[in-house]
Amino acid sequence: MIAVRKLPARYTPIVMPFVLSILMTAVVSVISTLRSLGATPAFIATWPGAWALSWLVAFPTLLLVLPLVGRIVVFLVASPAQPGR
(Lines give C-alpha, C1' and ligand atoms only; values in the text may rest on other atoms or scores of the structure.)
Protein backbone atom coordinates (compact mmCIF):
# COMPACT_ATOMS: atom_id res chain seq x y z
CA MET A 1 0.00 0.00 0.00
CA ILE A 2 1.26 3.48 -0.87
CA ALA A 3 1.59 5.83 2.07
CA VAL A 4 0.16 9.25 1.33
CA ARG A 5 1.28 12.12 3.50
CA LYS A 6 -1.71 14.19 4.57
CA LEU A 7 -1.84 17.92 5.01
CA PRO A 8 -2.39 19.25 8.53
CA ALA A 9 -6.01 20.03 9.48
CA ARG A 10 -5.30 23.77 9.45
CA TYR A 11 -5.30 23.62 5.61
CA THR A 12 -8.94 22.47 5.45
CA PRO A 13 -10.33 26.00 4.80
CA ILE A 14 -8.20 26.17 1.62
CA VAL A 15 -8.26 22.54 0.44
CA MET A 16 -12.04 22.12 0.65
CA PRO A 17 -12.90 25.07 -1.65
CA PHE A 18 -9.94 24.13 -3.90
CA VAL A 19 -11.29 20.61 -4.50
CA LEU A 20 -14.90 21.78 -4.66
CA SER A 21 -14.08 24.45 -7.24
CA ILE A 22 -12.17 21.96 -9.41
CA LEU A 23 -15.03 19.45 -9.44
CA MET A 24 -17.88 21.92 -9.85
CA THR A 25 -16.26 23.98 -12.60
CA ALA A 26 -15.31 20.80 -14.47
CA VAL A 27 -18.91 19.57 -14.46
CA VAL A 28 -20.48 22.93 -15.31
CA SER A 29 -17.96 23.76 -18.04
CA VAL A 30 -18.36 20.31 -19.65
CA ILE A 31 -22.13 20.75 -19.74
CA SER A 32 -22.09 24.30 -21.10
CA THR A 33 -19.34 23.60 -23.65
CA LEU A 34 -21.11 20.46 -24.87
CA ARG A 35 -24.35 22.41 -25.15
CA SER A 36 -22.65 25.14 -27.16
CA LEU A 37 -20.44 23.05 -29.43
CA GLY A 38 -21.78 19.51 -29.26
CA ALA A 39 -19.56 16.44 -29.06
CA THR A 40 -17.15 17.59 -31.76
CA PRO A 41 -13.39 17.93 -32.07
CA ALA A 42 -13.92 21.61 -31.25
CA PHE A 43 -15.22 20.53 -27.83
CA ILE A 44 -11.94 18.76 -27.04
CA ALA A 45 -9.97 21.85 -28.05
CA THR A 46 -12.24 24.36 -26.29
CA TRP A 47 -13.18 22.72 -22.98
CA PRO A 48 -9.81 22.92 -21.15
CA GLY A 49 -9.65 26.69 -21.65
CA ALA A 50 -13.28 27.12 -20.63
CA TRP A 51 -12.67 25.04 -17.51
CA ALA A 52 -9.48 26.91 -16.59
CA LEU A 53 -11.15 30.31 -16.89
CA SER A 54 -14.15 29.22 -14.83
CA TRP A 55 -11.88 27.72 -12.15
CA LEU A 56 -9.83 30.94 -11.95
CA VAL A 57 -13.05 32.76 -11.08
CA ALA A 58 -14.64 30.07 -8.91
CA PHE A 59 -11.77 29.31 -6.50
CA PRO A 60 -11.22 32.85 -5.17
CA THR A 61 -14.99 33.39 -5.16
CA LEU A 62 -15.45 30.33 -2.96
CA LEU A 63 -12.74 31.54 -0.60
CA LEU A 64 -14.62 34.82 -0.22
CA VAL A 65 -18.21 33.56 0.05
CA LEU A 66 -17.76 30.33 2.05
CA PRO A 67 -17.84 32.12 5.45
CA LEU A 68 -21.08 33.85 4.44
CA VAL A 69 -22.54 30.55 3.23
CA GLY A 70 -21.62 28.97 6.57
CA ARG A 71 -23.51 31.70 8.46
CA ILE A 72 -26.55 31.32 6.19
CA VAL A 73 -26.57 27.55 6.75
CA VAL A 74 -26.36 27.99 10.54
CA PHE A 75 -29.32 30.37 10.30
CA LEU A 76 -31.41 27.96 8.18
CA VAL A 77 -30.54 24.57 9.69
CA ALA A 78 -31.34 23.43 13.24
CA SER A 79 -28.42 22.28 15.36
CA PRO A 80 -28.38 18.55 16.12
CA ALA A 81 -29.88 17.58 19.47
CA GLN A 82 -27.27 17.06 22.15
CA PRO A 83 -27.57 13.96 24.37
CA GLY A 84 -28.93 14.76 27.81
CA ARG A 85 -30.61 18.02 26.85
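(A) Expanded view of the packing of aromatic side chains. Tallying each qualifying case throughout the model produces 4 aromatic pairs. Seen from their ring centres, Phe18 and Phe59 are 5.5 Å apart, and the 85° between their planes marks the pair as edge-to-face. Placement of Phe18 in helix H1 (residues 12-37) and of Phe59 in helix H2 (residues 41-76) is noted, with a sequence separation of 41 residues between them. When the ring of Trp55 is compared with that of Phe59, the centres are 5.4 Å apart and the planes differ by 5°; the resulting orientation is stacked. Here Phe59 and Trp55 lie together in helix H2, a separation of 4 residues that amounts to about one turn. Site record: aromatic cluster; members linked through ring pairs are Phe18, Trp55 and Phe59.

The rules we used
Residues numbered from 1 in each chain as written. Predicted model: local features only at pLDDT ≥ 70, side-chain atom pairs only at ≥ 80, totals over all residues. Heavy atoms only, no water. Phe/Tyr/Trp six-rings, centres within 6.5 Å; stacked < 30°, edge-to-face > 60°. Helix = DSSP H or I, 4+ residues; strand = E, 2+ residues; numbered from the N terminus.

Read these as spatial facts, not as claims about activity.
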